[in-house]
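# Topology and contacts: notes
Here's the letter readout for the chains.
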Amino acid sequence: MSGPRWEHFEHLSDIGIRGWGRTIGEAFEQAALAMTAVVTEPGGVSAREMVSVECQADDRAQLLADWLNAWICEMSARRMLFGRYEVQVAGGQLKGRAWGELVDVRRHRPTVEIKAATYALLAVRQEPTGEWMAQAVLDV
Amino acid sequence: MNKALLRQQAECEWELMPTVGMRVPGLLYASEALLADMDEHVLDQIRNVASLPGIVRAAWAMPDAHWGYGFPIGGVAAFDPEAGGVISAGGVGFDISCGVRALRTGLSAAEVTARRDQLAEALFHAVPAGVGSTGNVRMDDARMKAMLRGGAAWAVRQGYGSAEDLARVESHGVVEEAAPDAVSEQARRRQLEEMGTLGSGNHYLEVQVVAEIHDKETASAYGLHAGEVVVSLHCGSRGLGHQVATEYARRMATAAPRYGIHLADRELASVPVRSEEGQAYLGAMRAAVNCALANRQILAHLVRQVFHKLFRLERLPLLYDVSHNVCSLERHVVDGQPRLLFVHRKGATRAFGPGHPELPEDLRPFGQPVLVGGSMGTASYVLAGMAGNDNRAFSSACHGAGRSMSRSEAMRKYRGEDIVRRLAHRNILVRSRSLRGIAEEAPDAYKSVAAVVEATERAGLARRVARLEPLICVKG
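Worth saying up front: this structure is predicted, and the values here are computed from it rather than measured.

### Description of the overall build of chain B
- Along its length, chain B carries 13 helices and 19 strands.
- Whereas a compact globule of 476 residues would reach a radius of gyration of roughly 23 Å, chain B reaches 21 Å, a difference of no more than 12%.
- Taken along its principal axes, the extent of the C-alpha atoms in chain B is 60 × 50 × 50 Å.
- In chain B, which comprises 476 residues, the proportion classed as buried is 66%.
- Partitioning the contacts of chain B with sequence separation of at least 6, the portion at a separation of at least 24 is 77%.
- For chain B, the exposed surface amounts to about 16100 Å²; the carbon and sulfur share of it is 49%.
- Charge centroids of chain B, computed over 55 positive and 53 negative side chains, lie 3 Å from each other.

In structure tokens:
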């Protein structure tokens, strides 16, 4: 195991994001960081403000989509970017927080708006190594 | 694409070999070359769409079709509520009523080129674009609801543009029976500061010159003359539409099994038109369409202000405004019987042929203008709906070029600075806040729009009227 981490993967029209962690929560946090990285360098976002979200779903994959879509909504409505995420997942529910700041075009050089997290290739699973993986395709 | 799965019906028409579960045929409009490059997933998605309840005649793919979410991009499907037909959030897409609006300036390319830098700068500052940008239109809850009901007509009442614009907007600038209350608070919250913004990604504002006329008579009726300058806008319903699509896709996917609808892919997200969820989506989607129409009306006003300031232009008449991600209630004759159908066009443009009563009188003899956007730095086209195309995808045509390379691949391959420089050598000015965004939208990351419109014409959907070449491109 190489600890919590994320990556982007190829998708013809849009972009795929993938996060890994020792728990589902960590994998969700990493997937959200991968999402931020579609827009800007996550390390360049200051933690000036904290925002919370709560989600509920019948299955893990839907919960992941809801988690990502909750942040897409907050980014868009608040004109913020988030550089750090924290979440507790219990069954079909989650409570999460993220730290970020208002978009600063000069500093963040944001690339593209994210419209939504889709159901394409949406998956949450435990790898044979015991790690959790969470992936989704974002419509940009 | 494996051609063994297809049977050629005409030069640019192919039928998908039927498989179990398909209620109607799957038909693709494309040249052999476009088909060879087409994503194999399109076939699976056409099959899935053809299997949905109440589908009428066929599930179609346009020449620019590629893998979408649930429905392919470039997909057309019509459903009859009398026959248990469905409505699908996946059949409209995440950017509800994304579309193109074109304005005529009457200026010559020389007049514009002489002040190109100044114009590019002025447009870039006048039209908010990109992540985090905010519009200058103040919205509150009451105004939001009035806008969601009133569309471009609402924007005109607020002083953006004039009533004569509305005749040149699809459905006369407003979709009736929109239900603002079916739009969630979150969706409205996303829109509070987004009215009058362009967005990012493949959305753009372009100043273009009419480079070639293919059909002189129609071009003249459309007011298009070689060497003259037009302005095109490509954008949709912004955050509100994205949120409506996200929420209803989830709700429809969850509800589908309750109506005995098996979804091969959750993204197909379909429920009967005549169901609680179907009616709620219909009302919310129509509100989002009005949001997109109002937004393009406001953006056109911002463009007009710039041209007034720089060129003292009093008028920039609207050529047309048409969506390519929408579900519309339309009357079509099927096997001699008129039927009211919910026609889904996702990455496909309505293309009514000559004589259609929906068209304004001055355009009616020529067919509806179809605005097809190219990728950044490449040509766009104005087409006209062809006579007899009601039998082909219920009068639909292509919408653009379609990607041939992923964003990540484009980013690895190109640098934004190089693209800006390369286009500058071709006398195309690009203004954007994001160089990485420019790399991702590299012209070579898209298929050839020329091949797409040629196939569209050969398939009998819409004929070429004029080719537009970019002079200035403003991106998010």
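### As for the environment of B:D362
All names here are of chain B.
- If you trace the backbone, D362 turns up in the loop between β14 (349-350) and β15 (369-372).
- Sequence spacing of D362 and V56 is 306 residues, and the spatial spacing of their C-alpha atoms is 32 Å.
- Looking at D362, its side chain comes within polar contact range of the side chain of R168, at 2.9 Å.

### Thoughts on the nonpolar core
- In terms of nonpolar packing, the biggest core is built from 121 residues, with A:F28, A:W67 and A:L68 touching the most fellow members.
- In contact with A:F28, not counting residues within four places along its chain, are A:R60, A:L63, A:L64, A:W67, A:V87, A:V89, A:L94, A:V124 and A:A134.
- Counting 87 residues, the second-largest nonpolar core is a separate cluster that includes B:M147, B:A288, B:I298 and B:L471.

### What about the interface of chain A and chain B?
- Every contact between the two is made by 44 residues of chain A and, on the other side, 43 residues of chain B.
- Roughly 3600 Å² of surface becomes buried between chain A and chain B when both sides are summed, with 51% attributable to carbon and sulfur atoms.
- One can count 7 salt bridges joining chain A with chain B.
- For A:K115, the salt bridge identified is with B:D95, shortest N-O distance 3.9 Å.

### Examining the environment of B:D64
Residue and element names in this part refer to chain B.
- By the element assignment, D64 lies in strand β4 (residues 55-66).
- In this structure the C-alpha to C-alpha distance between D64 and G460, which are 396 residues apart in sequence, comes to 15 Å.
- Apart from residues lying up to four places away in sequence, D64 is in contact with I73, G347, C398, H399, G400, A401, K447 and V452.
- Within the local environment of D64, its side chain forms a polar contact with the side chain of H399, the two groups lying 2.6 Å apart.

### Details of unusual backbone geometry
- Of note in this structure, A:R109 is not a glycine but carries a positive phi near 45°.
- Within the secondary structure layout, A:R109 lies in the loop between α3 (105-108) and β6 (116-117).
- One non-glycine residue, B:S171, lies in positive phi territory at about 50°.
- The topology assignment puts B:S171 in the loop between α5 (141-157) and α6 (185-191).

### Some thoughts on helix α8 (residues 238-255) of chain B
- Here α8(B) contains 18 residues, and its C-alpha end-to-end distance of 26 Å stays within 8% of the 26 Å for a straight helix at 1.5 Å per residue.
- Extensive coverage of α8(B) is indicated by the burial of 14 of its 18 residues.

Reading guide: rules and limits
- Residues numbered from 1 in each chain as written.
- Chains lettered and ligands numbered in written order.
- Predicted model: local features only at pLDDT ≥ 70, side-chain atom pairs only at ≥ 80, totals over all residues.
- Heavy atoms only, no water.
- Helix = DSSP H or I, 4+ residues; strand = E, 2+ residues; numbered from the N terminus.
- Rg over C-alpha atoms; globule rule 2.2 N^0.38 Å.
- Buried < 20%, exposed > 50% of the residue type's maximum accessible area, 1.4 Å probe, protein only.
- Contact = heavy atoms within 4.5 Å.
- Areas by Shrake-Rupley, 256 points an atom, 1.4 Å probe, with all protein chains shown as cover.
- Lys, Arg positive; Asp, Glu negative; His and termini not counted.
- Charge placed at Lys NZ, Arg CZ, Asp CG, Glu CD.
- Polar contact = N/O pair within 3.5 Å; in protein donor to acceptor, adjacent residues only side chain to side chain.
- Core = buried A, V, L, I, M, F, W, Y, C linked by side-chain atoms within 4.5 Å.
- Buried area = accessible area lost by both parts, 1.4 Å probe.
- Salt bridge = Lys/Arg side-chain N within 4 Å of Asp/Glu carboxyl O.
- Expected span 1.5 Å × (residues − 1).

By themselves, these figures tell us nothing about what the structure is for.
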